[in-house]
Amino acid sequence: MPKGKTAQPQKKSKLRKRGPQTAQQTIPYREMHRDGICRISEDYYTKTIEYEDINYAVASTEDQGIIFDGYCGFLNYFDATLPYQLSFINHRSRPESRYSVNIPPQDDQYNSVRDEYTGMLKGQIAKSNNGIVRSKYITFGIHAAGIQTARPRLERVEANILSNYGKLGVQARPLSGKERLALLHSQLRPGSREPFRFSWDMIPRTGMGTKDFIAPDSFDFRQARLFRVGTTWGAASYMQIMASELSDKLLAELLELDMEMTITMHIQTVDQSKAIKQIKAKISDIDKMKVEEQKKAVRAGYDMDILPPDLVTYSKDAAAMLADLQSRNERLFLLTFLVVNTANTRQQLENDLFTVAGIMQTYNCFLRRLDFQQEQGYMSSLALGYNGIEIHRGMTTSSTAIFVPFMTRELRMGGEAVYYGQNALSHNVIMADRKKLKAPNGLYHKGTGNPRKTQARAPIAAQTDGRRKRWTGTENLKKDFGNSSDLPPVFLLFVRGRFRTTQAPECPFRKQERSFATFYTNRLQNSMRKGAAA
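Now for a look at the structure at hand. (Residues numbered from 1 in each chain as written. Predicted model: local features only at pLDDT ≥ 70, side-chain atom pairs only at ≥ 80, totals over all residues. Heavy atoms only, no water.)

## Considering the overall build of the protein chain
No. 1: The number of helices and strands found in the protein chain is 17 helices and 15 strands.
No. 2: Expressed as a percentage of its 534 residues, the buried residues of the protein chain come to 45%.
No. 3: Nonlocal contacts in the protein chain, meaning residues at least 24 apart in sequence, comprise 74% of its contacts between residues at least 6 apart.
No. 4: Of the roughly 29200 Å² that the protein chain leaves accessible, carbon and sulfur atoms contribute 50%. (Helix = DSSP H or I, 4+ residues; strand = E, 2+ residues; numbered from the N terminus. Buried < 20%, exposed > 50% of the residue type's maximum accessible area, 1.4 Å probe, protein only. Contact = heavy atoms within 4.5 Å. Areas by Shrake-Rupley, 256 points an atom, 1.4 Å probe, with all protein chains shown as cover.)

## Looking at helix H2 (residues 61-76)
No. 1: The terminal C-alpha atoms of H2, which comprises 16 residues, lie 23 Å apart, in line with the 22 Å expected from a rise of 1.5 Å per residue.
No. 2: Summarising the contacts, the buried residues of H2 are in contact with strand E4 (84-92), strand E5 (132-143), helix H4 (147-168), strand E11 (332-343) and helix H13 (397-401). (Expected span 1.5 Å × (residues − 1).)

## Section: the pairing of strand E10 (residues 261-269)
No. 1: Burial within E10 is extensive, with eight of its nine residues counted as buried.
No. 2: In this sheet, E10 lies alongside E4 in antiparallel orientation, the contact comprising seven bridges. Along E10, the bridge assignment pairs phenylalanine 88 with isoleucine 263.
No. 3: Sheet analysis places E10 next to E11, joined by nine bridges and oriented antiparallel. Its bridge partner lying in E11, threonine 269 is registered against phenylalanine 333. (Pairing = 2+ DSSP bridges.)

## What about the packing of aromatic side chains?
No. 1: Applying the stated criterion across every chain yields a total of 16 aromatic pairs.
No. 2: Here phenylalanine 198 and tryptophan 200 contribute two aromatic rings whose centre-to-centre distance is 5.1 Å and whose plane-to-plane angle is 75°, an arrangement assigned as edge-to-face. Pair check on accessibility: phenylalanine 198 and tryptophan 200 agree, each one buried.
No. 3: Members of the aromatic cluster, each reached through a chain of ring pairs, are Tyr51, Tyr71, Phe74, Tyr77, Phe78, Tyr84, Tyr165 and Phe406.
No. 4: Lying over the aromatic face of tyrosine 29, lysine 211 brings its terminal NZ or CZ to 5.1 Å of the ring centre. (Phe/Tyr/Trp six-rings, centres within 6.5 Å; stacked < 30°, edge-to-face > 60°. Lys NZ or Arg CZ within 6 Å of the ring centre and 35° of its normal.)

## What to know about the side chain of serine 237
No. 1: Relative to the assigned elements, serine 237 resides in strand E9 (residues 232-241).
No. 2: If we ignore the near neighbours within four places in the chain, the residues touching serine 237 are Phe337, Leu338, Val339, Leu353, Leu367, Arg368, Arg369 and Leu370.

## What to know about unusual backbone geometry
No. 1: Backbone geometry places asparagine 364, a non-glycine residue, at a positive phi of 60°.
No. 2: For asparagine 364, the position within the fold is in the loop between helix H11 (346-362) and strand E12 (365-369).
No. 3: Located in the positive-phi region is phenylalanine 372, a residue other than glycine, with phi close to 60°.
No. 4: Inspection of the secondary structure assignment puts phenylalanine 372 in the loop between E12 and helix H12 (374-380).
No. 5: The exposure class assigned to phenylalanine 372 is exposed, which follows from its relative accessible area of 71%.

## Structural notes on empty space enclosed by the protein
No. 1: As enumerated under the stated definition, the model contains four cavities of 30 Å³ or more in all.
No. 2: Counted as a void, the second largest cavity has a volume near 140 Å³.
No. 3: What lines the second largest cavity is a set of 13 residues, and nearest its centre among them are Ser186, Gln187, Pro190, Thr262 and Thr342.
No. 4: Broken down by secondary-structure element, the contributors of at least two residues to the lining of the second largest cavity are E4, helix H5 (177-188), E10 and E11.
No. 5: Per-element accounting of the lining of the second largest cavity gives the leading share, three residues, to E4.
No. 6: Residues belonging to the lining of the second largest cavity are distributed by class as follows: five nonpolar, seven polar and one charged. (1 Å grid on protein atoms, 1.4 Å probe; cavity = no way out; pocket = protein on both sides within 12 Å on 5 of 7 lines; lining within 4 Å. Points joined across faces, edges and corners; volume = space filled by probe spheres on them. Nonpolar A, V, L, I, M, F, W, Y, C, P; charged D, E, K, R; others polar.)

## A few points about the nonpolar core
No. 1: The biggest cluster of nonpolar side chains holds 64 residues, and the ones touching the most others in it are Phe337, Phe403 and Phe406.
No. 2: The element that contributes the greatest number of residues to this core is H4, accounting for seven residues.
No. 3: Among all residues touching phenylalanine 337, those that are not within four sequence positions of it are Ser237, Tyr238, Met239, Leu251, Leu254, Ile263, Thr264, Met265, Met360 and Phe403.
No. 4: Among the nonpolar cores identified, the runner-up in size contains 29 residues, and Tyr29, Tyr44, Phe219 and Ile389 belong to it. (Core = buried A, V, L, I, M, F, W, Y, C linked by side-chain atoms within 4.5 Å.)

## Points about the pattern of salt bridges
No. 1: Applying the stated criterion across every chain, the model contains 14 salt bridges.
No. 2: Here glutamate 42 and arginine 30 are joined by a salt bridge, their closest N and O atoms 2.7 Å apart. Highlighted residues: glutamate 42 in the loop between strand E2 (38-39) and strand E3 (44-51) and arginine 30 in the loop between helix H1 (23-26) and strand E1 (31-32), separated in sequence by twelve residues.
No. 3: Given the relative accessible area of 52%, glutamate 42 is considered exposed. (Salt bridge = Lys/Arg side-chain N within 4 Å of Asp/Glu carboxyl O.)

None of this, on its own, says anything about what the molecule does.
Listed below in structure tokens is the structure:
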């Protein structure tokens, strides 16, 4: 070594883990199978089930208690080896919306009537709930050595979950691989109206993978508190629970908001023996702290029974939780509550976040932004079963079940369904085909100020049972109901100026809804006949 030079220590080059370089690499799954099984990591496989709503908000207090107890039992089914994710997605309706109008034109002179009625229906559907569609999913996963081992286990768990939902009266169905990709496509392209175009035979023809069909144009996670997907702004946050008691209205109020939002609850069950052991260890630590505080009190010369308020509160809470786990049918869960908001502009996003934070503060909870974790938060909100956020809150079964995912059941029937108004709670349209119901009857309430004589001819205006050959009472129908304003739009559409005695047998609505208004029992029929005879 030359004189005057000292040996410089060689710096070891640290190999940095290379992050995702493309939009496809950002999406945290490896393979999607046709049957809906998705491989998230080397040995972790998940499936997704979509479920419908039931009537909880309008149920009586007793029925709500029954539903709540049943939901607690549903949560207790999942053990420590079966993590799951609850997803609640609010998004704008797209062209392939579930609401459809099935009134095709016919070769007659009544197509103008059909066009007017179809236009009215499409207008009501577009205005219903401002175009917000609410979907609910549960994603569960297991660890297995391979797909051959994971498939039968996932199918067994899926059957048990569907059975438990059936006990609650909830309609549920598993999603196929294509349906899961369509769901991811809608989540990764917020605000987009582009339909999802994909089929399994396109993969070998195009040479692309499943991620290529669902990935957006770009991701931008350079900002600490915001992110961008294409031209859409987004923010990932988590809910900090500070309340000692929660309300079952919190989740319902969040889902009723008129904004595009995804609420995700990642739940991991803690083994019962480990949970009891951990709580006992905490109680021992609290008792040790009590003894130290009492020693300080003796040395200071004041009463040793005077303890810090926080220490007394922690001691009571830990003892109550231990009693719940040991004596009641309670389990311990680790809950991660995430909220992802998206909007077209940054100002609109800030307004949405302010609204969500205001609702949470009402229940003594706080919306905290995931600083420098926007990418992990956004990917954890996808219905994949992947959780990249290590922020947990210990909750018992009853505390977790307080986030009841049920509000009111929607009445949406396909085929020759008829518009009957809007749901007062969800503000979605009511489309029903009464011929498919168990009791295809209805009731018409006559308004005040009209003659007291029973008006019996309107309910039978469109009755076509194959035995009635002649139309009766059309003129009385026009006279009694032609100027009424409290009738459903279906009546007004055909009564006001469109009924003729000769046209009634060919009325298009008789073909559309064959049992429009058979509203009365035998006793009511007799009273109607007596009123007409009078």
